[in-house]
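Close look at the chain arrangement
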Amino acid sequence: MRVAKLMEPYRFELLDQPIPEPGPDEVLLKNIYLGVCTSDLQIYHGKHAYAAMPVVMGHEEAGIVAKVGSNVKDWKVGDRVILQPQLFCHTCYPCRTGHFNVSEHLKVIGVHTDGCACEYTAAPAWNLFTMALALDILEDGPQPDIMLVKLCDLDSARHTYGVESEQAETQLRMHDEQLGAILECLRRKGTLDETNIIVLGDHGQTDIRDAFLMNVYFRRLGLLTVDADGKIASFDAVCHSTGLAALIEVRDPDDAALMARVREALEALRHDPDVQLSMVLDAAEAQARYGLSGPFDFVVESSLPIAFGEYPDGDTLWRSCQPGDKKTGVATHGGSPAREEVTTFFAAGPDVRPCTVHGSRSMVDEAPTMAAMLGLTMPDVDGAPIFEILR
């Protein structure tokens, strides 16, 4: 690929370098747009106090995901994104308290490390966001028939700090401002009154007390073994956490005696005062009650604010919450629809009745409702349109 590298003040060299390979937690970006700001001019003139040299400049980048690392789940090839150029350690005190801008190990792409004045850049997946690009799409061309914007900072803040934390409130206000920016963009474009706006979440969250290590419990009962490295070597039953609930896989679900043994072990946890399982369903019961299916044989949930961890090693059945972890963080989700902490569905626009509040509905009704706004039907799905809110 072509690379513009500043070798010394006032002198660039155009080089050919291999396209970088993204690490497990990185994405490879095909750089499409690159802005130039005052700090770039300072670097070019040799007057930036902290810039490395030689360096590939460029930190205000918009591009397309060309490849994703093995651990990356939130981005896919073809996503149009903006690169957030600050690199944080996530371990120092400022990072742990949410003050990333003063991280003790702060680095800036294109200043301290090579940047985006090249065809491709490998960067941590958590450094991407889409909000600014959404505004560009609305402003620079015809309005799309459908635009989906994922704002996930509130989710991350709650996993790290808790549902009602100050950091979560800050992110909620930020999302409010981002929504306001989209509405203002539509107003200036002259299409606000003819656009349906929907704000929804895919789950609520619950502050958790601790994480119960179900696989350690199974190990104590002889249903699971670990090797010298503490990893699962074999199992008759193993826990796969969803956060507030757990999916239990049985080695041979056709073994009636083994299934009965595993159910007995799970039912015993109903009466454990620290665990208090409120739900123990086999696969058929889960399908009948929730339409839940998959490679599991039991699903369990507690009435207490606890999560389920998957760690199989160690002597304790409990582990403290891990801030930021998607399953065992300070707050988490992944429980049944019966939990109090659910999410919301707001809609406004030409196809929506004003000032209508319609209690609670299943999330499977959301897609058919949005399809109805587009004049489409979805006859072969579980949900149905919420006609009560539509004109």
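The following refers to the structure shown. (Residues numbered from 1 in each chain as written. Predicted model: local features only at pLDDT ≥ 70, side-chain atom pairs only at ≥ 80, totals over all residues. Heavy atoms only, no water.)

A closer look at helix H5 (residues 166-189)
Across its 24 residues, H5 extends 35 Å between first and last C-alpha, which sits within 8% of the 34 Å expected from 1.5 Å per residue. Inspection of H5 places Ala168, Gln171, His175, Gln178, Ile182, Cys185 and Leu186 among the buried residues, and these make up the whole buried set. Just downstream of H5 lies Gly190, where phi reads positive at about 85°. (Helix = DSSP H or I, 4+ residues; strand = E, 2+ residues; numbered from the N terminus. Expected span 1.5 Å × (residues − 1). Buried < 20%, exposed > 50% of the residue type's maximum accessible area, 1.4 Å probe, protein only.)

Examining the sheet that holds strand E18 (residues 298-302)
Taking strand neighbours across the sheet as the criterion, the 4 strands line up as E15-E16-E18-E17 in an open arrangement whose pairing is antiparallel. The sheet terminates laterally at strand E15 (237-241) and strand E17 (277-282), the two strands that pair on one side only. Between one strand axis and the next, the sheet turns by 25° as a mean value, whatever way the strands run. Note that strand E16 (residues 245-250) and E18 share 4 bridges and pair antiparallel. The partner of Ile248 across the bridge, within E18, is Phe298. (Pairing = 2+ DSSP bridges. Axes fitted to C-alpha atoms, helices over the stretch in contact; angles between N-to-C directions.)

Quick word on the pattern of salt bridges
Tallying each qualifying case throughout the model produces 19 salt bridges. For Asp114, the salt bridge identified is with Lys5, shortest N-O distance 3.9 Å. Of this pair, Asp114 sits in the loop between strand E7 (107-108) and strand E8 (120-124) while Lys5 sits in strand E1 (residues 2-8), and the two are 109 residues apart along the sequence. You can call Asp114 partly exposed: its relative accessible area is 39%. Members of the salt-bridge network, linked through shared partners, are Arg263, Glu267, Arg270, Asp282 and Glu285. (Salt bridge = Lys/Arg side-chain N within 4 Å of Asp/Glu carboxyl O.)

Some details on the pairing of strand E14 (residues 232-235)
Direction of pairing for strand E13 (residues 224-226) relative to E14: antiparallel, over a ladder of 3 bridges. Its bridge partner being in E14, Val226 is matched across the sheet by Ile232. Connecting E13 to the antiparallel partner E14 that follows it, the hairpin turn spans 5 residues, and Gly230 within it adopts a positive phi of roughly 80°.

What about a nonpolar patch on the surface?
Together, Ile146, Leu148, Leu374 and Leu376 make up a nonpolar patch on the protein surface, roughly 450 Å² of accessible area in all. Among the secondary structure elements, Leu376 is positioned in the segment after helix H9 (366-373). (Patch = residues over 30% accessible without salt bridge, like charges linked within 9 Å, V, L, I, M, F, W, Y side chains within 5 Å. Areas by Shrake-Rupley, 256 points an atom, 1.4 Å probe, with all protein chains shown as cover.)

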